[in-house]
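Residue-level listing of the chains:
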Amino acid sequence: MAIVSAVGIDQDEEGKYVASYQFFNPGNIAGGLQGGGGGQSPPVAVYTATGDSIMEVHGNMSKKVSREPYYSHANLIVISDELAEKEGIASVLDAFSRGSQFRVTTTVVIARDVKAKDLMTTLTALDKVPSQKIMDTLETTEKAMGENINIDLQEVIRGLVSPGKEPLISGFTVKGDVKEGKKQESLQATDLPMTIEADGNAVFKNGKLVDWIDGSGARSVLWVLDRVESTTITIKWADKKDAVSYRVVRQKTNVSADIKGGKPRISVGIHMEGDIGEVRVPIELKDPDVLEKVEKEIREQTRKEIEQAIRRAQKNKTDVFGFGEVFHQAEPKEWKKVKKSWEDSIFPNLNVEVKVEAYVRRTGLRNNSYLSDIKSEQE
């Protein structure tokens, strides 16, 4: 058998599917140098097949591979942004969800500004298998930054079929020279000419890609979805931008729904606790009033970012927050009345109230910054 680690789906000019299958090369994974660098051949082999349907592509793959493809170990599906925007992802994922070998826990990502094949063929240094590099990067950046979401095949399909929620899928791209990324020799350099990076989140409506959200906007969506494990918030202080960094160590989001004035209303409550991670201005952190002011700035900034993300989603008429699902659970009878008009008329004008609680629990190994001592000596 030939063990498949990942599948990338593109579309050619004729509208046919172009699938790139990433196969394990067991001998070079087990042998070779650590870090994916030094076998005589790459740790993976990529074969490409074309067809009018995913099943036809699977069949055509048998003409190129001497062994039977085995999909049970595949942990990643990559879909190009061009395909997701033009045709959508619903029909593509149907074949994967029906197959007995493909797992519903397989991660799904979108190739942003590159072909899905580029992500399949770009070799990486620290991780021998490119698909594992994407999986591990997605996991670490979700925990560290809270700006990308790790979503599997089952969750994507649930978002596609739910009338009260749209799926949000992380994007990945190749930064640098794509052609050099396919060469084993490139891994011998300490400064690699290319790298695979997480790059925003794709927003969908009716199964098609309609927008991208990045940075604080993406984090705001994950705040509401209660998917932020940890992140860093920087606030302005004394007219200096990004003066104080606040590291969130725990948080909890509660979303509720009710009816006010005959119209649906959503309430979002966020509770966060964290530590001061960095101070770039003289500030008296021993002073309780100062800490209270810092907490207030964190609350206000987070609230504004979330409200801005909600307005953008309402403009696109894409309920990536799942407010429709929340309202359905809270008011099942009323939901029947607004279900069909939720996306296009109710959600864009939905009243959403956001409340944020933020607390500083620790200031690190020091209280006041040494910048305060430098300032006092200069005075």
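J.: Looking at this structure, I do not really get the packing of aromatic side chains. What am I missing?
T.: The description of an aromatic ring pair uses the distance of the two centres, along with the angle that the planes make with each other. Across all of its chains, the model carries 9 aromatic pairs by this definition. Its guanidinium or amino end placed over the ring of Trp237, Lys293 lies 5.0 Å from that ring's centre, counting from NZ or CZ.

J.: Even after reading the chapter, I still don't get the pattern of salt bridges, so can you show me in this structure?
T.: Side chains bearing opposite charge may pair, as long as their charged atoms lie close to each other. Scanning all chains against the criterion turns up 21 salt bridges. Put simply, Arg219 and Glu305 hold a salt bridge, and the shortest N to O gap is 3.1 Å. Of this pair, Arg219 sits in helix H8 (residues 215-224) while Glu305 sits in helix H9 (residues 288-316); the two residues are 86 residues apart in sequence, bridging distant segments of the chain. There is no split in this pair, since Arg219 and Glu305 are both buried. Here Arg303 and Glu300 are joined by a salt bridge, their closest N and O atoms 2.6 Å apart.

J.: I would appreciate a short explanation of the environment of Lys86 in the present structure.
T.: Within the fold, Lys86 resides in helix H3 (residues 81-86). With a relative accessible area of 56%, Lys86 lands in the exposed category. When the C-alpha atoms of Lys86 and Val210 are compared, they prove to be 9.7 Å apart, with 124 residues separating the residues in sequence.

J.: Mind showing me how you'd approach the environment of Phe172 here?
T.: The topology assignment puts Phe172 in strand E7 (residues 168-176). With relative accessibility at 0%, the residue Phe172 sits in the buried group. Along the backbone, Phe172 and Leu119 are 53 residues apart, and their C-alpha atoms lie at a distance of 8.0 Å.

J.: Can you walk me through the side chain of Lys133 in this structure?
T.: Mapped onto the fold, Lys133 is located in helix H6 (residues 130-144). At a separation of 3.4 Å, a polar atom in the side chain of Lys133 contacts the main-chain carbonyl oxygen of Ile196. Among all residues touching Lys133, those that are not within four sequence positions of it are Thr124, Asp127, Thr195 and Ile196.

J.: Teacher, can you tell me more about a negative patch on the surface here?
T.: Taken together, the side chains of Glu13, Glu14, Asp52 and Glu56 make up a negatively charged region of the molecular surface. In this fold, Asp52 is placed in the loop between strand E3 (44-51) and helix H2 (54-61).

So, how was this worked out
- Residues numbered from 1 in each chain as written.
- Predicted model: local features only at pLDDT ≥ 70, side-chain atom pairs only at ≥ 80, totals over all residues.
- Heavy atoms only, no water.
- Phe/Tyr/Trp six-rings, centres within 6.5 Å; stacked < 30°, edge-to-face > 60°.
- Lys NZ or Arg CZ within 6 Å of the ring centre and 35° of its normal.
- Salt bridge = Lys/Arg side-chain N within 4 Å of Asp/Glu carboxyl O.
- Helix = DSSP H or I, 4+ residues; strand = E, 2+ residues; numbered from the N terminus.
- Buried < 20%, exposed > 50% of the residue type's maximum accessible area, 1.4 Å probe, protein only.
- Polar contact = N/O pair within 3.5 Å; in protein donor to acceptor, adjacent residues only side chain to side chain.
- Contact = heavy atoms within 4.5 Å.
- Patch = residues over 30% accessible without salt bridge, like charges linked within 9 Å, V, L, I, M, F, W, Y side chains within 5 Å.
- Areas by Shrake-Rupley, 256 points an atom, 1.4 Å probe, with all protein chains shown as cover.
- Lys, Arg positive; Asp, Glu negative; His and termini not counted.
- Charge placed at Lys NZ, Arg CZ, Asp CG, Glu CD.

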